[in-house]
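Each chain, written out:
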Amino acid sequence: MNKRVAILISGSGSNMISLVEAMKNPAFGAEPVLVLANNPDAGGIAKADAMGIPTAIVDHRPFKGDRPAFEDELHRVISAHSPDVICLAGFMRVLTAGFIDRWEGKMLNIHPSLLPKYKGLHTHQRAIDAGDEAGGVSVHVVTAALDDGPILGQASVPILPNDTAEDLAARVLVQEHRLYPEVLKEFLNS
Ligand code: GAR
């Protein structure tokens, strides 16, 4: 039976699309059961709608900083779709241990750096500023510590002279779209 995958986004959802496309192959053994955004303007929601995937928005703003209440609602909406796995794909809200514990070992995240380097934001600019020869992307299991947890896969790309953060982000994104489906498939089969 197919594994059920929920995908959480905040923005354009290009990683969500690469996951959904990969799951179209019956050999993948999984199906997207929900695309959820915390941001009503997330462009990925219309794209998921167009692909016929159930969507939901849990806007964090009305919760006015009450993270446990926001995460209770998030949990309620996600649980209604009974996913086996949650993929964070550009989901830009920090989740607390209270939420993460409920999905322990079942939640993956894609982070645009070669972890453990550059947790948090502005990863590409920080790699350039540090004079690194390579940037990249990591997929990891989500644990209570931010951008931590066992790394399941990484891909690196060279940082070229005069690269801007945008140049590097674009080069890394190509690898993200390849890596995330590959790692998810392996994770589901392990
Ligand atoms: C991706 O580059 C992803 O790695 C990053 O946000 C972007 C989302 O793009 N995630 C993080 O920074 C998480 N901390 P997308 O909406 O087109 O997939």
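Reading the values: rules and limits
Per-chain numbering applies: the sequence of each chain, read as written, is numbered from 1 onward. Thresholds applied to this predicted model are a pLDDT of at least 70 for local features of residues and 80 or more for the giving and counting of side-chain atom pairs; totals over whole chains, interfaces and linings are not thresholded and use all residues. Hydrogens and water molecules were not included; the side-chain quantities draw on all heavy atoms of the structure. UniProt positions are given in the numbering used here, feature names are shortened, and annotations may be inferred rather than shown by experiment. Strands here are runs of E lasting at least two residues and helices are runs of H or I lasting at least four, both read from the DSSP assignment and numbered beginning at the N terminus. Only protein chains enter the accessibility calculation, which uses a 1.4 Å probe; a residue whose area is less than 20% of its type maximum is buried, one above 50% is exposed, and one in between is partly exposed. Whether two residues are in contact is decided by their heavy atoms, any of which lying within 4.5 Å being enough. In the cavity and pocket records, a cavity denotes points on a 1 Å grid over the protein atoms alone where a 1.4 Å probe fits but cannot get out, a pocket denotes an open set with protein on both sides within 12 Å along at least 5 of 7 lines, and lining residues are residues with an atom within 4 Å of a point. Two strands pair if DSSP finds at least two bridges between them. Only C-alpha atoms enter the line fits that serve as axes; for helices the fit covers just the stretch in contact. Angles between N-to-C directions range over 0 to 180 degrees. The handedness rule is simple: strands pointing away from the viewer, and a clockwise path from the first strand over the helix to the second, make the crossover right-handed. The cutoff for a nearby residue is simple: one of its non-hydrogen atoms must lie within 4 Å of the molecule or strand. Pairs of N or O atoms within 3.5 Å make up the polar contacts considered here, provided that, within protein, one atom can donate a hydrogen while the other can accept it, and that residues adjacent in sequence are counted only when both atoms are side-chain atoms. Here the accessible surface of atoms and residues is derived via Shrake-Rupley with a 1.4 Å probe, and residues count as covered only by protein chains that are part of the display. Here the criterion for a molecule occupying a pocket or cavity is that more than half of its atoms lie within 2 Å of the pocket grid points. Residue classes follow a fixed rule: Ala, Val, Leu, Ile, Met, Phe, Trp, Tyr, Cys and Pro count as nonpolar, while Asp, Glu, Lys and Arg count as charged, and any other residue, Gly among them, counts as polar. Here the nonpolar core consists of buried residues drawn from Ala, Val, Leu, Ile, Met, Phe, Trp, Tyr and Cys, with membership extended through side-chain atoms lying within 4.5 Å.

Caption draft 1: Looking closely at the UniProt feature "active site" (unreviewed entry) in the protein. UniProt tags H111 as "active site" (unreviewed entry). For H111, the location among the structural elements is in strand 5 (residues 107-111). Overall, H111 belongs to the buried group, its relative accessible area being 4%. For H111, the residues in contact, after removing those within four places along its chain, are Y118, K119, G120, T123, G136, V137, S138, H140 and D147.

Caption draft 2: Expanded view of the UniProt feature "binding site: (6R)-10-formyltetrahydrofolate" (unreviewed entry) in the protein. The UniProt feature table records "binding site: (6R)-10-formyltetrahydrofolate" (unreviewed entry) at R67 and N109. Of the residues annotated just before, the largest pocket has N109 among its lining. Of note, R67 is situated in helix 3 (residues 67-79). With respect to the helices and strands, N109 occurs in strand 5. Look past the residues within four positions of N109 in its chain and what remains in contact with it is L88, S138, V139, H140, V142, D147 and Y180.

Caption draft 3: Representation of the sheet that holds strand 7 (residues 151-158) within the structure. Spatially, the seven strands line up as an open sheet ordered 3-2-1-4-5-6-7, and their pairing is mixed. Two strands lie at the open edges of the sheet, namely strand 3 (55-57) and strand 7, each paired on one side alone. For this sheet the average axis-to-axis angle between neighbouring strands, irrespective of direction, equals 20 degrees. Pairing analysis gives seven bridges linking strand 6 (residues 134-141) to strand 7, with the strands arranged antiparallel. Directly across from V137, in strand 7, lies its bridge partner A155. Relative to the sheet, helix 1 (residues 14-23) contacts strand 1 (3-9), strand 2 (30-37), strand 4 (85-88) and strand 5, its axis offset from that of strand 1 by approximately 165 degrees. Those strands touched by helix 6 (residues 165-189) are strand 1, strand 2, strand 4, strand 5, strand 6 and strand 7, and its axis lies near 155 degrees from that of strand 7.

Caption draft 4: Representation of the pairing of strand 1. Of all seven residues making up strand 1, five are buried, and the element is well covered by its neighbours. As paired elements, strand 1 and strand 2 share seven bridges and run parallel to each other. Its bridge partner being in strand 2, R4 is matched across the sheet by E31. Considered for its hand, the β-α-β crossover made up of strand 1, helix 1 and strand 2 is right-handed. With four bridges connecting them, strand 1 and strand 4 associate as parallel partners. In the sheet register, V5 faces strand 4, and the bridge partner there is V85.

Caption draft 5: Fine view of the site of the ligand. Taken together, S12, G13, S14, N15, G90, M92, I110, H111, P112, L173 and E176 are the residues near the ligand. The side chain of E176 places a nitrogen or oxygen atom 2.8 Å from an oxygen atom of the ligand. Compared with its free state, where it exposes 450 Å², the ligand has 82% of that area covered by protein. Mapping the ligand onto the cavity grids shows that it belongs to the largest pocket. Looking at the shell around the ligand residue by residue, the classes come out as four nonpolar, six polar and one charged.

Caption draft 6: Representation of the nonpolar core within the structure. Core analysis: the biggest nonpolar cluster contains 36 residues, and I7, I9, M23, V35, C87, Y180 and L184 have the highest contact counts within it. Top contributing element to this core by residue count: helix 6, with eight residues. Among residues more than four places away in sequence, those in contact with C87 are V5, A6, I7, L8, L19, L108, Y180 and L184. Within the second largest apolar cluster, 20 residues are counted, among which are L34, V58, I78 and I86.

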